[in-house]
Amino acid sequence: MPQKRRIYDEEFKRDAVRLVNNNSDGVSETARRLGINAKLLGRWKREAETRSNGTLTGTAQVSPEPDELNQLRKENQRLRME
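None of the values given here were measured: they were computed from a predicted structure. Residue numbers restart at each chain and count upward from 1, following the sequence in its written direction. At least 70 in pLDDT is required for a residue's local features to be given in this predicted model, at least 80 for side-chain atom pairs to be given and counted, and no such filter applies to totals for whole chains, interfaces and linings, which use all residues. The side-chain numbers reported here are obtained from all heavy atoms of the structure, hydrogens and water having been left aside.

### Description of the pattern of salt bridges
Working definition: two side chains of opposite charge can pair if their charged atoms are close together.
Line of reasoning, step 1. Salt bridges are identified by distance alone: a Lys or Arg side-chain nitrogen within 4 Å of an Asp or Glu carboxyl oxygen. Considering all chains together, one arrives at 9 salt bridges under this definition.
Line of reasoning, step 2. Linking R32 and E29 is a salt bridge whose minimum nitrogen-to-oxygen distance equals 2.5 Å. One end of the pair, R32, and the other, E29, are both in helix α2 (residues 27–34), 3 residues apart, so they sit about a helical turn from each other.
Line of reasoning, step 3. A single network of salt bridges, built from pairs that share partners, joins D25, E29, R32 and R33. Secondary structure elements follow DSSP: runs of H or I no shorter than four residues count as helices, runs of E no shorter than two count as strands, and numbering proceeds from the N terminus.

### Thoughts on the environment of Q71
Line of reasoning, step 1. By the secondary structure assignment, Q71 is in helix α4 (residues 65–81).
Line of reasoning, step 2. Between buried and exposed lies partly exposed: a residue is buried under 20% and exposed over 50% of the maximum accessible area for its type, with that area taken using a 1.4 Å probe on protein chains only. Given the relative accessible area of 54%, Q71 is considered exposed.
Line of reasoning, step 3. Expressed as a C-alpha distance, the spacing of Q71 and E11, which sit 60 residues apart in the sequence, is 9.8 Å.

### A word on the nonpolar core
Line of reasoning, step 1. Counting 8 residues, the largest nonpolar core consists of Y8, A16, V17, V20, A31, I36, L41 and W44.
Line of reasoning, step 2. Listing elements by their share of this core, those giving two or more residues are α1 (10–22) and α3 (38–53).
Line of reasoning, step 3. Examining the composition of this core, we find that 3 residues originate from one element, α1, more than from any other.
Line of reasoning, step 4. Any two residues whose heavy atoms approach within 4.5 Å are treated as being in contact. Ignoring sequence-local partners within four residues, the contact set of V17 consists of L41, W44, K45 and A48. Take the buried residues of types Ala, Val, Leu, Ile, Met, Phe, Trp, Tyr and Cys, join any two whose side-chain atoms come within 4.5 Å, and each joined set is a nonpolar core.

### Some remarks on the layout of surface pockets
Line of reasoning, step 1. Method remark: on a 1 Å grid restricted to protein atoms, a set of points is classed as a cavity if a 1.4 Å probe fits but cannot get out and as a pocket if it is open with protein on both sides within 12 Å along at least five of seven lines; lining residues have an atom within 4 Å of a point. Grid points are joined across faces, edges and corners, and a volume is the space filled by probe spheres set on the points. A volume near 280 Å³ is recorded for the largest pocket.
Line of reasoning, step 2. If you trace the largest pocket, you find 13 residues lining it, with R5, R6, Y8, L40 and R43 closest to the centre.
Line of reasoning, step 3. Of the residues forming the lining of the largest pocket, the biggest block, 4 residues, is contributed by α3.
Line of reasoning, step 4. Partitioning the lining of the largest pocket into residue classes produces 5 nonpolar, 3 polar and 5 charged. In this classification, the charged set is Asp, Glu, Lys and Arg, the nonpolar set is Ala, Val, Leu, Ile, Met, Phe, Trp, Tyr, Cys and Pro, and all remaining amino acids, among them Gly, are polar.

### Looking at the packing of aromatic side chains
Line of reasoning, step 1. Stacked, edge-to-face and tilted labels apply to pairs of Phe, Tyr and Trp rings (six-membered ring for Trp) whose centres lie within 6.5 Å, assigned for plane angles under 30 degrees, over 60, and everything in between, in that order. Scanning the model with the defined rule gives 3 aromatic pairs in all.
Line of reasoning, step 2. Pairing F12 with W44 gives two aromatic rings, centres 6.1 Å apart and planes at 90°, and the pair type is edge-to-face. With F12 in helix α1 and W44 in helix α3, this residue pair connects regions lying 32 residues apart in the sequence.
Line of reasoning, step 3. Assessed through its relative accessible area of 26%, F12 is described here as partly exposed.
Line of reasoning, step 4. Judged by relative accessible area, W44 falls into the buried class, the value being 4%.
Line of reasoning, step 5. Chaining the aromatic ring pairs together yields one cluster made of Y8, F12 and W44.

Below, the structure is given as structure tokens:
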């Protein structure tokens, strides 16, 4: 039976890339610990590097607007709960 595709939010991706960059374990070891595919984590890392360099390749985001949008949505949800 085929597995369902899991969807990871931007915060998880950023944290995973941060783990790779801060630890000397590398992409494959970090991916194994997180329970994700090493190729997927490697792609997230390349996209994060691309974003920080200001260039565009693949599916990398052009600007920090999606991050800001997610932050504003979370804040909006929190305010509604209050």
